[in-house]
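This is what each chain is made of:
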Amino acid sequence: VDEIIIDFVCENKCLYDKSDLNYKNNSKKKEIWSVISENLTLYNINMLAEAIEKRWFSLRDMFSRENRKQKLQPSGSGYEPTKEWELYRIMSFLLPHIVHRRFIDKIIILSHPRFHQKNLIDAVQIFLNNGYPLPCIFSIIETSVKFHIHKEHSTHNAYIKEKYFTISYVKSIFESFLPISSMFHYKLAFYISNTLKCLIKRGKDKLDLLSNQNVVYKISCDDCEASYVGQTKRKLGTRLKEHTSDIKKNTGSPTVITDHRIDLDHNFRWNQVEILNSESSYNKRLIRDDSHKKTKTRS
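Everything numeric here is computed off the predicted structure, so don't read it as measured data. (Residues numbered from 1 in each chain as written. Predicted model: local features only at pLDDT ≥ 70, side-chain atom pairs only at ≥ 80, totals over all residues. Heavy atoms only, no water.)

Chemist: How do you make sense of the nonpolar core when you look at a structure like this?
Modeler: Generally speaking, soluble globular proteins have nonpolar side chains that are buried together. Membership of the largest hydrophobic core comes to 24 residues, with the highest contact counts inside it found for W33, I36, L40, W56 and M91. Mapped onto this core, the elements with two or more residues apiece are α1 (2–10), α2 (26–40) and α3 (49–71). In contact with L40, not counting residues within four places along its chain, are I4, I5, F8, I45, M47 and I52. (Core = buried A, V, L, I, M, F, W, Y, C linked by side-chain atoms within 4.5 Å. Buried < 20%, exposed > 50% of the residue type's maximum accessible area, 1.4 Å probe, protein only. Helix = DSSP H or I, 4+ residues; strand = E, 2+ residues; numbered from the N terminus. Contact = heavy atoms within 4.5 Å.)

Chemist: How do you make sense of the environment of L276 when you look at a structure like this?
Modeler: Mapped onto the fold, L276 is located in strand β5 (residues 274–278). On the basis of relative accessibility, which here comes to 25%, the residue L276 falls in the partly exposed class. Residues L276 and V229, 47 residues apart in the sequence, show an inter-C-alpha distance of 8.8 Å.

Chemist: So what exactly am I meant to see when it comes to the packing of aromatic side chains here?
Modeler: In this description, an aromatic ring pair is defined by two values, namely the gap between the centres and the angle between the planes. All chains considered together, the criterion is met by five aromatic pairs. Measuring from centroid to centroid gives 6.5 Å for F8 and Y43, while their planes differ by 75°, and the two rings are edge-to-face. Placement of the pair is F8 in helix α1 and Y43 in the loop between α2 and α3, with a sequence separation of 35 residues. Owing to a relative accessible area of 47%, Y43 belongs among the partly exposed residues under this scheme. The ring of Y23 carries the charged tip of K29 above its face, separated from the ring centre by 4.5 Å. (Phe/Tyr/Trp six-rings, centres within 6.5 Å; stacked < 30°, edge-to-face > 60°. Lys NZ or Arg CZ within 6 Å of the ring centre and 35° of its normal.)

Chemist: Any chance you could explain the sheet that holds strand β4 (residues 227–232) here in plain terms?
Modeler: Pairing between sheet strands relies on hydrogen bonds along the backbone, with the strands arranged either parallel or antiparallel. Within the open sheet, the three strands sit side by side as β4-β3-β5. Their pairing is antiparallel. Edge positions in the open sheet fall to β4 and β5, since each of these has one partner strand only. Recorded for the sheet is a direction-independent mean angle of 20° between the axes of neighbouring strands. In the sheet, strand β3 (residues 215–220) pairs with β4 via six bridges, with the strands oriented antiparallel. Across the sheet, the residue bridging to V215 is T232, located in β4. This element, helix α9 (residues 236–249), spans β3, β4 and β5 of the sheet and lies at about 40° to β3. (Pairing = 2+ DSSP bridges. Axes fitted to C-alpha atoms, helices over the stretch in contact; angles between N-to-C directions.)

Chemist: Before we go on, may I ask you to explain the side chain of T258 in this structure?
Modeler: Along the chain, the position of T258 falls in helix α10 (residues 256–264). On the basis of relative accessible area, T258 is assigned to the buried category, the value being 0%.

Shown next, in the form of structure tokens:
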């Protein structure tokens with residue numbers, strides 16, 4: 001089937017020769033694919049025109065890959081040549097019409113813009129010396145140049161971020177900002193200050209002091225200026241109960257509060273505990289705890 005399709009395509013140059021006048025005539029090419037589809041029925045092959053066209057593109061790509069492989073074959077006594085693709089010689093009529101765009105791409109990408117003209121002229125001469133038709137060469141160069149111009153333009157636009165200036169919407173005033181924003185290439189964005197959120201608020205009940213968690217707290221002595229600063233991730237009320245329980249137990253490893261209570265017989269203001277900071281991070285609570293202790297020491 002592939003050989004028959006190749007034979008029909010070979011007879012219609014507009015399907016592969018870019019120098020042909022009908023190469024860009026899609027309606028003409030569509031008509032030819034339909035004719036090829038009808039002719040294949042003579043060989044008891046039923047294929048739609050779209051399927052034949054798709055198969056031809058696949059064959060053309062395989063030929064291009066095989067052609068590159070043929071050119072890149074290394075030399076040497078230890079090299080064993082690979083088997084040639086069976087349809088390569090049948091499709092050899094495409095050789096004068098294949099110009100690898102990668103060669104043009106490398107000229108555009110790797111060389112400085114001031115050398116592009118000279119390098120492209122040299123490339124055209126190289127292709128002409130190898131039997132490539134001039135219209136085909138110019139078509140490939142044009143396609144490649146357009147591609148890179150479009151790519152550069154798209155990349156440039158991707159990095160341009162629009163700038164916005166936000167003001168409150170006042171019907172009689174906002175129009176005067178339009179020429180100013182245009183002068184500085186800003187776009188205006190408006191917001192309405194009188195929203196339902198300002199009028200309807202869903203507040204929460206105030207949390208009881210002893211129910212607070214993740215806090216740095218301070219307990220002051222009722223009989224002197226001493227105070228204790230600590231931190232806890234649990235409820236403050238739970239931590240205070242532990243302090244009072246430790247005083248009553250009088251364990252072998254008393255806390256600072258227990259020592260102060262027993263040694264000096266002073267009482268603490270358990271009902272006037274202060275929350276110095278609220279912090280969910282343990283390390284940050286330790287830092288704040290330490291900073292408050294140092295501040296108290298300096299004072």
